[in-house]
Amino acid sequence: MEGRLVMHNIIPFSTQACRRDLNRGKQCLSIVSVLTQPVNDQVGKLSSSKAVYKDNFFELVAINYISKIVQASTGFTNNRSGYDSFVEAATGLWSNFNPVQQHEIVAKILDKAIPRPILAMIRTLLPNSKFTRELFAVFTTLCFAWLIGPNEVRESKLDGRRERNVVHIKKCRFLEESNCVGMCINLCKMPSQKFMKDTLGVPVNMVPNFDDMSCEMVFGQEPPATAEDPAFKQPCYKLCKVNKRHSSNCPR
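Below is a summary of the structure that appears in this document. (Residues numbered from 1 in each chain as written. Predicted model: local features only at pLDDT ≥ 70, side-chain atom pairs only at ≥ 80, totals over all residues. Heavy atoms only, no water.)

For the protein chain, the count of helices and strands is 9 helices and 6 strands. By residue count, 45% of the 252 residues in the protein chain fall in the buried class. Considering only intrachain contacts with a sequence separation of at least 6, the fraction spanning at least 24 residues in the protein chain is 62%. Total accessible area on the protein chain is roughly 13300 Å²; 55% of this is exposed by carbon and sulfur atoms. (Helix = DSSP H or I, 4+ residues; strand = E, 2+ residues; numbered from the N terminus. Buried < 20%, exposed > 50% of the residue type's maximum accessible area, 1.4 Å probe, protein only. Contact = heavy atoms within 4.5 Å. Areas by Shrake-Rupley, 256 points an atom, 1.4 Å probe, with all protein chains shown as cover.)

Right, here's the structure in full:
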């Protein structure tokens, strides 16, 4: 499969090759998204091996809690349990509401999940700074693996300084289970970016790689405008569970 990289030079990521280039006085480019060229009109690529998760008691409590909130917010309930219940609830949200409504409902869900006084306190005590961005990255890694899958903190360069403000999700659990580009964009990427900026005062750019289902969360980086965001140019997966069609005209 042919591939092409969409580059953006806002934040140079410090991979080993990037460090060598920086030492030579060269500027590194950061990857905003990876788009792949479909083969034989078969849109998208599915990973050959599916991750297996063994959620512990506390993770199951968190998963069932967020699933119940989604179901209560949409009015569509299901009898499943665990992460299957959460994905089913998210699918109901995606299938029965337009993108604007989806963003609004996710915003309300986040308000219910995290009390607003706590959010206000966090914004007051932790203004946008290197310390805050690195803290958010570590917090995401430690507390949300049950939601997004295995991840790690990585380094980038922001405003001329190196900081560990990037969360690299090796293979997004939500994207793999939903297998839907539109759900990734409208139920995760866009609402999360807006929530972080408007509620906590820290911008974040979420950069999904729809080829290998990885993702980068870059705290401190402003996301591109919708019209310029490569994520919105990504066609549906060949075996999209929600739309069940091979079309780039996905309702997102």
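Continuing now.
Let's shift gears to the nonpolar core. If you look at the biggest cluster of nonpolar residues, it comprises 46 residues, and the most contacted ones within it are Phe86, Phe174, Leu187, Met196, Phe210 and Phe219. Here this core takes 8 residues from helix 9 (residues 181–199), the largest share from any one element. The contacts of phenylalanine 174, once residues within four sequence positions are left out, are Tyr83, Phe86, Ala90, Leu147, Asn179, Met183, Cys184 and Leu187. (Core = buried A, V, L, I, M, F, W, Y, C linked by side-chain atoms within 4.5 Å.)

A few words on the pairing of strand 6 (residues 214–219). Most of strand 6 sits out of view: 6 of its 6 residues are buried. Residue alternation in strand 6 divides its side chains into two sets, Ser214, Glu216 and Val218 and Cys215, Met217 and Phe219, and both sets are buried. Pairing geometry for strand 4 (residues 161–169) and strand 6, over 4 bridges, is antiparallel. Across the sheet, the residue bridging to valine 166 is valine 218, located in strand 6. The sheet contact formed by strand 5 (residues 204–209) and strand 6 spans 6 bridges and is antiparallel. Paired with valine 207 across the two strands is glutamate 216, which belongs to strand 6. (Pairing = 2+ DSSP bridges.)

Turning to a nonpolar patch on the surface, a few remarks are in order. A surface patch of nonpolar side chains, amounting to about 380 Å² of accessible area, comprises Phe57, Phe58 and Val61. Locating phenylalanine 58 in the fold gives a position in helix 2 (residues 57–74). Residue phenylalanine 58 is classed as exposed on the basis of its relative accessible area of 66%. (Patch = residues over 30% accessible without salt bridge, like charges linked within 9 Å, V, L, I, M, F, W, Y side chains within 5 Å. Salt bridge = Lys/Arg side-chain N within 4 Å of Asp/Glu carboxyl O.)

Relative to the assigned elements, alanine 120 resides in helix 5 (residues 116–125). Spatially, the C-alpha atoms of alanine 120 and leucine 200 are 7.5 Å apart, while their sequence positions differ by 80 residues.

Moving on: the pattern of salt bridges. Across all of its chains, the model carries 13 salt bridges by this definition. One salt bridge connects glutamate 134 with lysine 130, and the closest N-O pair in it is separated by 3.2 Å. Of the two residues, glutamate 134 and lysine 130 are both situated in helix 6 (residues 130–143); the distance of 4 residues between them amounts to about one turn of the helix. A salt bridge links glutamate 176 to lysine 171, with the nearest nitrogen and oxygen atoms 3.2 Å apart. The network of salt bridges with shared partners includes Glu152, Arg154 and Glu216.

Here the idea is plain: a probe the size of a water molecule rolls over the atoms and shows the empty space left. Scanning all chains against the criterion turns up 1 cavity of 30 Å³ or more. By volume, the largest cavity is sized at about 100 Å³. Lining of the largest cavity is provided by Ile148, Ile169, Cys172, Phe174, Leu175, Cys184, Cys188, Lys189, Met206, Pro208, Ser214 and Cys215. When contributions to the lining of the largest cavity are tallied by element, the ones reaching two or more residues are helix 8 (173–178), helix 9, strand 5 and strand 6. Take the lining of the largest cavity: its biggest share by element is 3 residues, from helix 9. For the lining of the largest cavity, a count of residues per class yields 10 nonpolar, 1 polar and 1 charged. (1 Å grid on protein atoms, 1.4 Å probe; cavity = no way out; pocket = protein on both sides within 12 Å on 5 of 7 lines; lining within 4 Å. Points joined across faces, edges and corners; volume = space filled by probe spheres on them. Nonpolar A, V, L, I, M, F, W, Y, C, P; charged D, E, K, R; others polar.)

Moving on, we come to the packing of helix 3 (residues 82–96) against helix 9. For the pair helix 3 and helix 9, the least separation of the axes is 11 Å and the interaxial angle reads 85°. By the angle between their axes, helix 3 is roughly perpendicular relative to helix 9. Across the interface between the two elements, Val87, Ala90, Thr91, Leu93 and Trp94 from helix 3 touch Gly182, Met183, Asn186 and Leu187 from helix 9. (Axes fitted to C-alpha atoms, helices over the stretch in contact; angles between N-to-C directions. Parallel < 35°, antiparallel > 145°, perpendicular 65-115°, else oblique.)

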